[in-house]
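# Observations on the model geometry
Given next are the chains, with one letter for each unit.
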Amino acid sequence: MAIDRDTVLRVARLARLELRDDEADRLTGELGAILDAVSKVAELDLAGVPPTSHPLDVVNVWADDEPHAPLPLDEAFANAPSREGDLFRVPPTAGPEVSA
Amino acid sequence: MIDTLRLTAEQALGMLERREVSSAELHRAYLEAAAARDGEIHAYLRLVEDGEDGEGGGVPIALKDVISTKGVETTAGSRILAGYVPVFDATVAARCRAAGMPVIGKTNTDEFAMGSSTENSAYGPSHNPWDPARVPGGSGGGTAAAVSAGLAPWGLGSDTGGSIKQPSALCGNVGLRPTYGTVSRFGIVAFASSLDQIGPVAKTVRDVALLYSIIAGRDANDSTTVQLPEPVRLPEDERLDGLRIGIPKQVWELAGIEHGVRASFEAAVDLARGLGAEVGECDLPLSFAYGMACYYLIAPAEASSNLARYDGVRYGPRVEAATYREMVERTRDEGFGDEPKRRIMLGTYALSAGYYDAFYGQAQKVRTLLIREHRDALERFHVLATPTSPTVAFPLGDKASDPLAMYACDLLTIPSCLAGLPGLNVPSGLSQGLPVGLQLIGRQFGENTLFRTGHALERALGFDTVPARLRT
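Residues numbered from 1 in each chain as written. Chains lettered and ligands numbered in written order. Predicted model: local features only at pLDDT ≥ 70, side-chain atom pairs only at ≥ 80, totals over all residues. Heavy atoms only, no water.

### Comments concerning the overall build of chain B
Looking only at helices and strands, chain B has 15 helices and 11 strands in total. Relative to the compact-globule value of 23 Å for 472 residues, chain B shows a C-alpha radius of gyration of 21 Å, a close match. For chain B, buried positions account for 67% of its 472 residues. The contacts of chain B with a sequence gap of at least 6 include a subset with a gap of at least 24, amounting to 76%. (Helix = DSSP H or I, 4+ residues; strand = E, 2+ residues; numbered from the N terminus. Rg over C-alpha atoms; globule rule 2.2 N^0.38 Å. Buried < 20%, exposed > 50% of the residue type's maximum accessible area, 1.4 Å probe, protein only. Contact = heavy atoms within 4.5 Å.)

Rendered as structure tokens:
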């Protein structure tokens, strides 16, 4: 199944991956070969077959609505690359310098 | 002197109970074995020297590096989690600690448990203790190699499409993928949530059953877990009278199964007959024809969603950039290796508008048919049997540049994983001087039957789990 470089770059953008040029080229070939192999599921006529999202026949589990102690803030931030007070610090998410 | 190469967990437990050895002494013995032999094997990403854990009174254990351990770095074999130190234990780690079991170390894994050779680890590959020029299988190659090389009496792995069973086969261990939902996934680095299961690897079926009894059961922190319908029974029976074993007829037709693997499988089936089992043929046409394709749509789709959390905001290293979006994209590009990127891309594609119905939706329907096919076969038989891996351990680098050839390593383990069924690998012999594995697939919650079958076969086969080159 053919997948072109533009599609690979579009999917990478959806997946929040910035691919280098050589990665985009390589993935175009590899994904094409893999999609060829997996697209055989489309051969089957599966009208009327329900999809499975979970292999067990389980019903919803209800938990008692009781408060629990949350993770202490210092533990929640223990692995954060950047913290400012009680917030995770990140670069600007909006503004003139931010691309759409 | 503790012979860690030969000591089973059950024997170690006996020594502890008779006070012939302390838990701390056992822990020390395995750390010393690792110091002596792990340079060649690279089963461990890090060892836990901390004496505090060594005084719990239990048999020490190795944990795959996808299992969160409080205070011990957990990376899932990826650069994107380098330096991540969990502030809590995964439920399985907590249950092991509650049983007094010291953690020897965190074992190597393909990045995010994606692979069949442990060559995809960002921290370098593991090597097979039977022949260090060969892979130990994957993704749990580190745990399997540690048990095989006497660097741990037992360990925990994770299995999404065969990552416990296949490395156990290639390293000559017993490994169990439990029924989906019997073991908590709380605190596990998620790969594909409808498939991931945690399970034990050890030298004997009884050790595996014992460890399973410690980790299994309902967990309030994982609402997909269920209570075991019956308690775990350690197998004792050495006969298989009354047991019906089904062989999928497709096994005989599959190309790519090595001659030695086939011969070992046939001998094991004959042995089962000799022990009183009835052996018959069953039919799983769709499972073998479409299982791989179905798996490589569903697992990457779930992975693309699970791996969205690695954004450089809350944990892991971050690549700084002027905007949030660039920061996330560069962090992910530098942090993920080739295989996670391939699967994220494949999953994102399969879930994207215009392709969802043809790929992901269709794969979910195929999964329904696979479940029905297995259910029908297991109404007639107590256990299904196949080889675990089509080949013995292959040389490092052999399949590294061909993703589809690597994916084919799990051809025989994937269908029952999609069906949520338990599977046990039992070493069935050698081919070319390397271990061959027999896969036993059970009914849902049929672990006790797997243990009984595996134990009887293991006794009759008399496989020596110590790699020939390490025997003295």
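So much for the structure itself; the text now carries on.
### Digging into the environment of Ser116(B)
All names here are of chain B. Looking at where Ser116 falls in the secondary structure, it is placed in the loop between strand 3 (103-107) and helix 4 (141-148). In this structure the C-alpha to C-alpha distance between Ser116 and Ala301, which are 185 residues apart in sequence, comes to 19 Å. With sequence-adjacent residues up to four places away left out, Ser116 is seen in contact with Asp110, Gly137, Gly138, Gln166, Phe394, Met406, Cys409 and Asp410. A distance of 3.0 Å separates the side chain of Ser116 from the side chain of Asp410, its partner in a polar contact. (Polar contact = N/O pair within 3.5 Å; in protein donor to acceptor, adjacent residues only side chain to side chain.)

### Quick look at the environment of Leu438(B)
By secondary structure assignment, the location of Leu438(B) is in strand 11 (residues 434-442). With residues up to four places along the chain from it excluded, the contact list for Leu438(B) reads Phe265(B), Ala268(B), Ala385(B), Thr386(B), Thr388(B), Leu424(B), Asn425(B), Val426(B), Ser428(B) and Leu457(B).

### A closer look at the sheet that holds strand 10 (residues 423-431) of chain B
All names here are of chain B. With mixed pairing, the 11 strands of this open sheet are ordered in space as 1-3-2-4-6-5-10-11-9-7-8. Where the open sheet ends on each side, the last strands, each with one partner, are strand 1 (44-47) and strand 8 (278-282). Averaged over all pairs of adjacent strands, the angle between their axes in this sheet comes to 30°, without regard to strand direction. Pairing analysis gives two bridges linking strand 5 (residues 174-177) to strand 6 (residues 197-202), with the strands arranged antiparallel. Residue pairing across strands places Val174 opposite Ala202, the latter belonging to strand 6. Across the sheet, helix 12 (residues 357-380) touches strand 7 (244-248), strand 8, strand 9 (383-387) and strand 11, and the angle it forms with strand 9 is around 115°. (Pairing = 2+ DSSP bridges. Axes fitted to C-alpha atoms, helices over the stretch in contact; angles between N-to-C directions.)

### Thoughts on helix 10 (residues 324-335) of chain B
Between its first and last C-alpha atoms helix 10 of chain B spans 16 Å; for 12 residues at 1.5 Å apiece the expected length is 16 Å, and the two agree. Looking only at helix 10 of chain B, the buried set comprises Met327(B), Val328(B), Glu329(B), Thr331(B), Arg332(B), Asp333(B) and Gly335(B). Residues of helix 10 of chain B that are buried make contact with helix 1 (5-14) and helix 2 (21-38) of chain A together with helix 11 (338-351) of chain B. (Expected span 1.5 Å × (residues − 1).)

### Structural notes on the pairing of strand 3 of chain B
Residues and elements named next belong to chain B. Burial analysis of strand 3 places five of its five residues in the buried class, which makes it a mostly covered element. Bridging between strand 1 and strand 3 involves three bridges; their strand directions are antiparallel. The residue of strand 3 that forms the bridge with Arg46 is Lys106. Bridge count between strand 2 (residues 61-64) and strand 3: four bridges; the pairing is parallel. Bridge pairing in strand 3 links Leu63 to Lys106. Remark: the strand 2/helix 3 (residues 91-98)/strand 3 crossover connection has right-handed handedness. (Right-handed = clockwise from strand over helix to strand, strands pointing away.)

### Regarding the confidence of the model for chain B
Here chain B shows a mean pLDDT of 96. Residues at 70 or above account for 99%. On the interface metric, ipTM, the complex scores 0.93, and its pTM is 0.96. (pLDDT = per-residue confidence, 0-100.)

### Quick word on the interface of chain A and chain B
Each partner contributes residues to the interface: chain A has 58 residues there, and chain B has 66 residues. For the pair chain A and chain B, the summed buried area comes to about 5500 Å², and 67% of that belongs to carbon and sulfur atoms. In terms of surface lost to chain B, no three residues of chain A exceed Glu18(A), Pro55(A) and Asn79(A), which account for 12% of the buried area on that side. Taken together, chain A and chain B are joined by six salt bridges. Note that Arg13(A) is salt-bridged to Glu329(B), the shortest N-O span being 3.8 Å. The tally of links between chain A and chain B comes to 19 residue pairs in polar contact (both at pLDDT 80 or more). (Buried area = accessible area lost by both parts, 1.4 Å probe. Salt bridge = Lys/Arg side-chain N within 4 Å of Asp/Glu carboxyl O.)

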